[in-house]
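Take a look at the letters that make up each chain.
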Amino acid sequence: MSRLQTLRRLISSSTPPLARSVTYMPRPGDGAPRAVTLIPGDGIGPLVTDAVEQVMSAMHAPVYFERYEVHGDMKRVPEEVMESIKKNKVCLKGGLRTPVGGGVSSLNVQLRKELDLYASLVNCFNLPGLPTRHEGVDIVVIRENTEGEYSGLEHEVVPGVVESLKVITKFCSERIAKYAFEYAYLNNRKKVTAVHKANIMKLADGLFLESCREVATKYPSIKYNEIIVDNCCMQLVSKPEQFDVMVTPNLYGNLVANTAAGIAGGTGVMPGGNVGADHAVFEQGASAGNVGKDNIVVQKKANPVALLLSSAMMLRHLQFPSFADRLETAVERVILEGKVRTKDLGGDSTTQEVVDAVIANLD
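Attention here is on the structure that accompanies the text. Bear in mind the structure is a predicted one, so any value in this text is a computation, not a measurement.

## What to know about the environment of Asn126
- Its place among the elements puts Asn126 in the loop between strand E4 (119–125) and strand E5 (138–144).
- C-alpha of Asn126 to C-alpha of Thr342: the two residues are 216 residues apart in sequence and 17 Å apart in space.
- Among all residues touching Asn126, those that are not within four sequence positions of it are Thr132, His134, Glu135, Gly136, Val137 and Ala264.
- Among the polar contacts listed, one links the side chain of Asn126 to the side chain of Thr132, at a separation of 3.0 Å.
- At 2.9 Å, the side chain of Asn126 and the backbone nitrogen of Gly136 are in polar contact.

See below:
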């Protein structure tokens, strides 16, 4: 009997073979603990980052945290924090409150620009056990993170007239398109959709589309299509299962990721991160600047699931795949059982109760 016939017999057998994953063969020294810069942030940030620390400790994950206090009302991210991230290459952060209006700039944007974290990735997917209006949702939103409407180029031309510049470059458009297609290729994704408004912004979004089209020709096995951003939002809320990987300029990506997260179960359960050539910062995937309502903080009922799943992404990024699998499996079991849920998921559990349940479900 050939090896292929044996494999088919085992697959069709009523008694399944012993489950065994393909062995991950590390390089010598890969098990050495890695330092990760930790920024608890504002609002619910300290609650959910503490949850991650507890779970990492319980599973004896090979990471340790260098904690720094950073808050959204600071003028800049302290230099020692930037040096820590540059040294460690990886950061885990809670939300940083961004003041609305006034002269205080966003520290989230500062981190992305100074570390050149040009790609934001948010994975929006159905979690078994969490009822939603749509099934079969598994969308990855990849957003250009350093230019567009977030360039910060604003000035008052004359009193009562403000000009805000949207900057789109060939270089940044091309590298985010390459990242999106590379992600799709490496993760066995079938389609990449470019989101745009080139029917109105013909030069700026036209350049973005031109870059995506050029990169698409290098990946013939991946289907490529385009959609105008307003139609995209309508399609997301009516037939989200049609989307796979989405690549967007900066502002559109923020809107699309948060819409997709709301469809798939809410921002409290969607993981994400920001990555560049040299550094990565992991945080809650959608509404990353959301620091929660004060009563949630006082009651200690923040949902830690999004940051726990983002931490699993971080573990995989650090090449600790078995720890990432254990963490994801434990979180999915807790969601499926439905006994422990925070208020945003229809329950009334505390953050600590979710943490305890996840730890109890670790293999």
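There's plenty left to go through after this.
## Brief notes about the pattern of salt bridges
- As enumerated under the stated definition, the model contains 20 salt bridges in all.
- Measuring nitrogen to oxygen at the nearest pair gives 3.4 Å for the salt bridge that ties Asp30 to Arg27.
- Looking at Arg27, the relative accessible area reads 53%, which means it is exposed.
- A salt bridge links Glu226 to Arg213, with the shortest nitrogen-to-oxygen separation between them at 2.7 Å. You can see Glu226 sitting in strand E9 (residues 223–228) and its partner Arg213 sitting in helix H6 (residues 204–216), a full 13 residues away along the chain.
- For Glu226, a relative accessible area of 29% gives the class partly exposed.
- When its relative accessible area of 44% is taken as the criterion, Arg213 is described as partly exposed.
- Each of Asp138, Arg189 and Asp244 takes part in one network of salt bridges that share partners.

## Details of the packing of helix H5 (residues 170–186) against H6
- Following both chains from N to C, one finds H5 and H6 inclined at 40 degrees, their axes separated by 8 Å at the closest point. Between H5 and H6, the angle is such that the two are oblique. Classified by chirality, the crossing of H6 by H5 is right-handed. Touching Lys170, Ser173, Glu174, Ile176, Ala177, Lys178 and Phe181 of H5 are Leu207, Phe208, Glu210, Ser211, Cys212, Glu214, Val215 and Ala216, all from H6.
- Tallied by class, the residues present in the contact of H5 with H6 amount to eight nonpolar, two polar and five charged.

## Here we look at the pairing of strand E6 (residues 154–158)
- Sheet analysis places E6 next to strand E7 (residues 161–164), joined by four bridges and oriented antiparallel. Across the sheet, Val158 pairs through a bridge with Val161, a residue of E7.
- Turn length for the E6-E7 hairpin, with the two strands adjacent in sequence and antiparallel, is two residues, and the turn residue Gly160 shows positive phi of about 90 degrees.

## Observations concerning the environment of Tyr179
- Checked against the element boundaries, Tyr179 lands in helix H5.
- On a C-alpha basis, the gap between Tyr179 and Glu214 in space is 13 Å, while along the polypeptide they are 35 residues apart.
- Excluding residues that lie within four positions of it along the chain, Tyr179 makes contacts with Tyr118, Ala119, Leu121, Ile142 and Val275.

## Section: the sheet that holds strand E10 (residues 245–248)
- A sheet is described by the order of its strands in space; here 10 strands give the open sequence E2-E1-E3-E12-E11-E4-E5-E10-E8-E9, paired in mixed fashion. A single partner strand is all that each edge strand has here, and the edge strands are strand E2 (63–67) and E9. Sheet twist, expressed as the mean angle between neighbouring strand axes with direction ignored, is 25 degrees.
- Here strand E8 (residues 191–196) pairs with E9 via six bridges, running parallel.

Definitions and limits used
- Residues numbered from 1 in each chain as written.
- Predicted model: local features only at pLDDT ≥ 70, side-chain atom pairs only at ≥ 80, totals over all residues.
- Heavy atoms only, no water.
- Helix = DSSP H or I, 4+ residues; strand = E, 2+ residues; numbered from the N terminus.
- Contact = heavy atoms within 4.5 Å.
- Polar contact = N/O pair within 3.5 Å; in protein donor to acceptor, adjacent residues only side chain to side chain.
- Salt bridge = Lys/Arg side-chain N within 4 Å of Asp/Glu carboxyl O.
- Buried < 20%, exposed > 50% of the residue type's maximum accessible area, 1.4 Å probe, protein only.
- Axes fitted to C-alpha atoms, helices over the stretch in contact; angles between N-to-C directions.
- Parallel < 35°, antiparallel > 145°, perpendicular 65-115°, else oblique.
- Left-handed = near helix turned anticlockwise from the far one by under 90°.
- Nonpolar A, V, L, I, M, F, W, Y, C, P; charged D, E, K, R; others polar.
- Pairing = 2+ DSSP bridges.

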